[in-house]
Amino acid sequence: MRPPLRPLLNQLSGYMQEALNRARDEATQRGPVFDFGIGDPREPTPLFLRDALRAAIPEVSQYPSVRGLPPLRRAAAAYLSRRFSLSLDPDAEILPCAGAKEALFHLPLIALHPERPLCFFPDPSYPVYERAILFAGGTPRPLPLSRERNFLPELAAITSDEWQRTSVVFDNYPHNPTGAEATRAHHEQLFALAREHGFLVVCDEPYVDLYAGAAPHSGLQLARENVVAIQSLSKRSGMTGYRSGFIAGEPWLIEKLAEARANFGVASPSFIQRAAEAAWNDDAHVIERRESFAKKRALLLTHLQARGLDCTSTGVFYIWVRVPARFTSESYAAHLAQRQVLVAPGTHFGESGRGFVRLAMVPTLEDCARAIAVWPEEGTA
Ligand code: PMP
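Residues numbered from 1 in each chain as written. Predicted model: local features only at pLDDT ≥ 70, side-chain atom pairs only at ≥ 80, totals over all residues. Heavy atoms only, no water.

Digging into the overall build of the protein
Right, so step 1: Of regular secondary structure, the protein possesses 14 helices and 13 strands.
Right, so step 2: For the protein, the C-alpha atoms occupy an extent of roughly 60 × 55 × 55 Å along the three principal directions.
Right, so step 3: Within the protein, residue pairs in contact and separated by at least 24 positions form 76% of the contacts whose partners lie at least 6 positions apart.
Right, so step 4: Entry remark: accessible area of the protein is about 16,500 Å², with carbon and sulfur atoms responsible for 53%.
Right, so step 5: If you average the places of the 41 positive and of the 42 negative side-chain charges in the protein, the two averages end up 4 Å apart. (Helix = DSSP H or I, 4+ residues; strand = E, 2+ residues; numbered from the N terminus. Contact = heavy atoms within 4.5 Å. Areas by Shrake-Rupley, 256 points an atom, 1.4 Å probe, with all protein chains shown as cover. Lys, Arg positive; Asp, Glu negative; His and termini not counted. Charge placed at Lys NZ, Arg CZ, Asp CG, Glu CD.)

Below is the structure:
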């Protein structure tokens, strides 16, 4: 007899990335693909970061500590200071993590109070928030985001009673999958509620440096009380495979997170931390990456708009496209896949993603142009 495992596992539909990988494998068997589906950029990791990693490989790689290396925390604090004019104590207010995903997943395990089971997350969104809440035994509550409200949640629709039973609110701007940015008023309203009702806001900000217009703010610029921000090198520095980011927040909270996180892991290996330190200490490579994504975005936006498709994209990394009238998210994705153009159906990101598809600016500029050349007319494939 097999062990039964958690019933939750059967309730979860396959993880989005796995589904997208399967679609890509099928299409690849037919020929070359233009993969706008998974948000894993192909721009090489800058050479100086690879060199920093190689130079840091020690003779013996010993256990990293939970709090990570002091120079990495200092580099993270220096980045927050340059980019957002924030002044954080690197030892008390910064904690490295092995990528944002890991930190996000573990947060509800630490922050969920049994008398406050509700945890809010944006819909559509990166799927990890809801899963983190479910695995931690919380009650997930989606915050629907609509095109009409510029993809900002209607916080006034939540009652005081619900806020009083809330432990965590996940907030993510610039937003995956819509590319939307938050107004300062949104964060002011959310943080005031967090202070009044005593819940934690997790500002997940891995795209904050990949902007098209004015540089977006960090949640931490508007409030520090009851707020943690999670930053990642994955997209900013082309280091998705390195698994490195950090959590920033108030000293008492970072102290608690450090204590709790020691139960399930440690910081990334020291050589990854050294490469991460080099990445946070440099902005020039980020400008180059931003420009690379911006060129692809401009090319695709022009094409999609010329086709009469309704698109939104404030950041440079994602374009969120309303599918033509006779399609669903899935059928339009399948329609494009017949021409080897792969996109993520909006429904992968939640109920409110219905009727949309997401394009990630991942293929090369040349491949973007090739994809445009084979893009099917609405009615043909
Ligand atoms: N948050 C969001 C909104 C994301 O889109 C992603 C990655 N696609 C992550 C977190 C995870 O980032 P990391 O690679 O740092 O784990």
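Remarks on the site of the ligand
Right, so step 1: Every one of the 15 residues lining the ligand counts as a neighbour, but D204, Y207, S232, S234 and R243 are closest to it.
Right, so step 2: Take S234: an N or O atom from its side chain is 2.6 Å from an oxygen atom of the ligand.
Right, so step 3: Surface burial for the ligand is 91%, taken as the share of its 400 Å² of free accessible area covered by protein chains.
Right, so step 4: Among the elements of the structure, helix 5 (100-111) and helix 9 (233-236) are those that each provide at least two residues to the shell around the ligand.
Right, so step 5: Per element, the largest residue contribution to the shell around the ligand is three residues, and it comes from helix 5.
Right, so step 6: By residue class, the composition of the shell around the ligand is six nonpolar, five polar and four charged. (Near = heavy atom within 4 Å. Polar contact = N/O pair within 3.5 Å; in protein donor to acceptor, adjacent residues only side chain to side chain. Nonpolar A, V, L, I, M, F, W, Y, C, P; charged D, E, K, R; others polar.)

Details of the nonpolar core
Here is a general trend for soluble globular proteins: nonpolar side chains tend to be buried in one another's company.
Right, so step 1: Ranked by internal contacts, the top residues of the largest apolar core, which has 45 residues, are L80, I94, W163, F199 and F246.
Right, so step 2: Mapped onto this core, the elements with two or more residues apiece are helix 3 (47-55), helix 4 (70-84), strand 3 (118-123), helix 8 (184-197), strand 6 (200-204), strand 7 (227-232), strand 8 (245-248) and helix 11 (270-280).
Right, so step 3: Residues in contact with F199, not counting those within four places in the same chain, are R116, W163, T166, S167, V169, L190, L193, A194 and N226.
Right, so step 4: L300, L309, V323 and V357 belong to the second largest nonpolar core, which has 31 residues in total. (Core = buried A, V, L, I, M, F, W, Y, C linked by side-chain atoms within 4.5 Å. Buried < 20%, exposed > 50% of the residue type's maximum accessible area, 1.4 Å probe, protein only.)

Re the environment of K101
Right, so step 1: Position of K101 among the secondary structure elements: in helix 5.
Right, so step 2: The exposure class assigned to K101 is partly exposed, which follows from its relative accessible area of 35%.
Right, so step 3: The sequence separation of K101 and H175 amounts to 74 residues, and the corresponding C-alpha distance is 15 Å.

Digging into the pattern of salt bridges
Right, so step 1: Scanning the model with the defined rule gives 21 salt bridges in all.
Right, so step 2: Here R147 and D310 are joined by a salt bridge, their closest N and O atoms 2.6 Å apart. Here D310 lies in the loop between helix 12 (284-306) and strand 9 (311-312) and R147 lies in the loop between strand 4 (139-144) and helix 7 (160-164), a separation of 163 residues in the sequence.
Right, so step 3: By relative accessible area, R147 is classed as partly exposed at 27%.
Right, so step 4: Close ionic contact of R165 with D161 constitutes a salt bridge, the shortest N to O distance being 3.7 Å.
Right, so step 5: Put simply, R82, R83, D209, R236 and D283 are held in one network by salt bridges that share partners. (Salt bridge = Lys/Arg side-chain N within 4 Å of Asp/Glu carboxyl O.)

Some details on the domain arrangement of the protein
Right, so step 1: Segmentation of the protein into domains returns domain 1 (8-44 + 285-379) and domain 2 (47-282).
Right, so step 2: Spacing between the C-alpha centres of domain 1 and domain 2 amounts to 25 Å.
Right, so step 3: Contacts between the two partners involve 35 residues from domain 1 and, on the opposite side, 38 residues from domain 2.
Right, so step 4: Summing both partners gives a buried area of about 2,900 Å² for domain 1 against domain 2, and 57% of it is carried by carbon and sulfur.
Right, so step 5: If you look at where domain 1 meets domain 2, you find two salt bridges.
Right, so step 6: Counting every contact that joins domain 1 to domain 2 gives 17 residue pairs in polar contact (both at pLDDT 80 or more).
Right, so step 7: Top contributing element to the side of domain 1 that touches domain 2 by residue count: helix 12, with six residues.
Right, so step 8: Looking at side-chain class alone, the side of domain 1 that touches domain 2 contains 15 nonpolar, 12 polar and eight charged residues. (Domains from an automatic or database assignment. Buried area = accessible area lost by both parts, 1.4 Å probe.)

With respect to the pairing of strand 6
Right, so step 1: The element strand 6 is largely enclosed, with a buried count of five among its five residues.
Right, so step 2: The two faces of strand 6 match: L200, V202 and D204 on one face and V201 and C203 on the other face are all buried.
Right, so step 3: Pairing between strand 5 (residues 166-171) and strand 6: four bridges, direction parallel. When the sheet's bridge partners are listed, F170 is paired in strand 6 with V202.
Right, so step 4: For the handedness criterion, the β-α-β arrangement of strand 5, helix 8 and strand 6 is classed as right-handed.
Right, so step 5: Examined bridge by bridge, strand 6 and strand 7 share four bridges and lie parallel to one another. From the neighbouring strand, V201 faces strand 7, where its bridge partner is V227. (Pairing = 2+ DSSP bridges. Right-handed = clockwise from strand over helix to strand, strands pointing away.)

What about the pairing of strand 10 (residues 318-322)?
Right, so step 1: Of all five residues in strand 10, four are buried, a share of seventy percent or more.
Right, so step 2: Where strand 9 lies against strand 10, two bridges are found, and the strand directions are antiparallel. For T312, the partnering residue across the bridge sits in strand 10 and is W320.
Right, so step 3: Remark: five residues form the turn of the hairpin made by strand 9 and strand 10, two consecutive strands paired antiparallel.

Let's talk about the packing of aromatic side chains
Right, so step 1: Inspection of the entire model under this criterion finds 15 aromatic pairs.
Right, so step 2: Considering the side-chain rings of Y126 and Y129, the 5.8 Å spacing of their centres and the 75° angle between planes classify their relative orientation as edge-to-face. In terms of burial, Y126 and Y129 fall into one category: buried.
Right, so step 3: Feature note: the residues Y79, F84, F246 and W280 constitute an aromatic cluster, connected by ring pairs. (Phe/Tyr/Trp six-rings, centres within 6.5 Å; stacked < 30°, edge-to-face > 60°.)

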